[in-house]
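Architecture at a glance
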Amino acid sequence: MSNSDLTSILFVLLLLVGLSQLLGYLFVKLRQPKVVGEILAGIVLGPSLVGRLPLASGLMQATTHQAEILNFVYWLGLLLLMFLSGAETRQLFSREERREVCWLTIVGTGIPFVLGLVLGPWLIHPALAGPNGNRISLIIVLAVGVAVTSVPVVSKIFADLKILHTRFARLVLGVAVLEDIMLWLALAVATAMAGKTVLNPRQMSYHLMTTIGFFALGLTIIPRIVKRINKARFNFLAKHSPVAYAVAVLLGYCVVAGALDVSLVFAAFLAGFAVVHKKRRLFSEALDAIGKVSFAFFIPVYFAIVGLKLDLIRGFSLWMTLAFIVGSCAVKIISVSLAGRFAGFRGLDLMNLAITTNARGGPGIVLASVAFDAGIISPEFYTTLVLAAIVTSQVAGAWLDHVLRKGLPLLTPDARSESAIVSTEGSPSAA
């Protein structure tokens, strides 16, 4: 790489990280999810706005010539996001309120996903498919897109509103964790099946068995093995450089997954799930250090590049976007409301639960990125999934902020729980 090439890529990265942090900060001040501002930074610098100006031709050429380097940073940011999401999943998962969580997960997530699978054959259109998008993988992506809920974005919204400690937050995050694990498995199956229109049965069976086996072992046996290695006396790396050890676990998972032809995205999620312990937070400082660097540079750049890939001029379909957002939100909200009634919730409780679990956020964007990079979906459907994730996250954050500002409870106080009522600063909310 010449000095001029290195300078151009550094300039592009400077613009991406600088504008994404600036717009992310402004969106936080506006009580909106930071991720929306980070994606908007890429849209501003991309072919939809600045990229259309004659003066920005040099910037567009730099992004084109240095596409491989940007793609590497993009994937590194995505892997770190999934790694930290997996670690956060293990920390936030709670066994409390099992009955409510089970109803909300089975009915609130199950109905949208099953409806997507059942109605998918009639809903999918050639405009949705990418070069590798066979019928089955496309239906699975559609079903996941309807049912997915964001753990990172929802937890960030809760933290910003100072309600992360409440019973409402525990219920929503418990549901989001369980459904994300199931939906990541479904997406892993879809990527394993992506390819030619006519799939080789033997090859398809191998990919499916390998993916499901890797996922199952990554949630059960392998975390126990990693736990023993974490505390082993011979593990000098964990003792002397916990950050290096945590990164090594991430890289190790990804290398094994790559050798087995399993998506690295799911390997990164499982690596984060394995490296953190439920009761004893080993490597908490190491993960905090990795998180600070990741959320300062790699993850904002990842989301900015997601926005950079969006072409709202040529790669945008208004009818597809409106139909998907309206249809998927209606199915999700009705399903969660029904699940909430089975779980014993009524009135405003149902609306709060339904709108919050409808936030697609980071997982919705990761779904779009993984499916698009695997060639399953078209640029128009990719744009639709990303915009749906942005809109639903904004609506969830604005709705919860509105409820708290009005002094209304997020959940009706539960007399069975000692922690039923918790007051937040300045505005009361049911725990």
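Since the structure is predicted, the reported quantities are computational estimates derived from the model, not experimental observations. (Residues numbered from 1 in each chain as written. Predicted model: local features only at pLDDT ≥ 70, side-chain atom pairs only at ≥ 80, totals over all residues. Heavy atoms only, no water.)

Comments concerning the overall build of the chain
Scanning the chain from N- to C-terminus turns up 19 helices and 2 strands. The proportion of buried residues among the 431 residues of the chain is 53%. For the chain, the proportion of contacts with a sequence separation of at least 24, taken over those separated by at least 6, is 78%. As displayed, the chain offers around 19500 Å² of accessible surface, 67% of which is attributable to carbon and sulfur atoms. (Helix = DSSP H or I, 4+ residues; strand = E, 2+ residues; numbered from the N terminus. Buried < 20%, exposed > 50% of the residue type's maximum accessible area, 1.4 Å probe, protein only. Contact = heavy atoms within 4.5 Å. Areas by Shrake-Rupley, 256 points an atom, 1.4 Å probe, with all protein chains shown as cover.)

Observations regarding the pattern of salt bridges
According to the stated counting rule, one finds 1 salt bridge in the structure shown. A salt bridge links Asp-401 to Arg-405; the shortest N-O distance between them is 3.0 Å. Remark: Arg-405 and Asp-401 occur in helix H19 (residues 379–405); sequence separation between them is 4 residues, near one turn of the helix. (Salt bridge = Lys/Arg side-chain N within 4 Å of Asp/Glu carboxyl O.)

Looking at the confidence of the model for the chain
Of the residues in the chain, 84% have a pLDDT of 70 or more, and the chain-wide mean is 80. Strand S1 (residues 421–423) is the least confidently modelled element of the chain, averaging 38 in pLDDT, while helix H13 (residues 242–259) averages 92, the highest of any element. Note on residues 415–431: pLDDT is under 50 here. Beyond four places in sequence and across chains, it has 37 contacts. (pLDDT = per-residue confidence, 0-100.)

Some thoughts on the packing of aromatic side chains
Counted according to the given criterion, the structure contains 7 aromatic pairs. With 5.9 Å between their ring centres and 80° between their planes, Phe-324 and Phe-381 make a pair best called edge-to-face. Of the two residues, Phe-324 sits in helix H16 (residues 318–342) while Phe-381 sits in helix H19, which places them 57 residues apart along the sequence. For the residue pair Phe-324 and Phe-381, the accessibility class agrees, reading buried in each case. Here the aromatic residues Tyr-74, Trp-75, Tyr-302 and Phe-303 are joined through ring pairs into a cluster of three or more. (Phe/Tyr/Trp six-rings, centres within 6.5 Å; stacked < 30°, edge-to-face > 60°.)

Things to note about the packing of helix H17 (residues 348–357) against H19
Across the interface, H17 lies against H19 with an axial gap of 9 Å and an inter-helix angle of 150°. With respect to each other, H17 and H19 are oriented roughly antiparallel. Together, Leu-348, Met-351, Asn-352, Ile-355 and Thr-356 of H17 and Val-395, Ala-396, Trp-399, Leu-400 and Val-403 of H19 make up the contact between the two elements. Partitioned by chemical class, the residues of the contact of H17 with H19 number 8 nonpolar, 2 polar and no charged. (Axes fitted to C-alpha atoms, helices over the stretch in contact; angles between N-to-C directions. Parallel < 35°, antiparallel > 145°, perpendicular 65-115°, else oblique. Nonpolar A, V, L, I, M, F, W, Y, C, P; charged D, E, K, R; others polar.)

Section: H13
The end-to-end C-alpha distance of H13, which contains 18 residues, comes to 26 Å, matching closely the 26 Å that a straight helix rising 1.5 Å per residue would cover. Those residues of H13 that fall on the buried side of the exposure criterion are Tyr-245, Ala-246, Val-249, Leu-250, Tyr-253, Cys-254 and Ala-257. (Expected span 1.5 Å × (residues − 1).)

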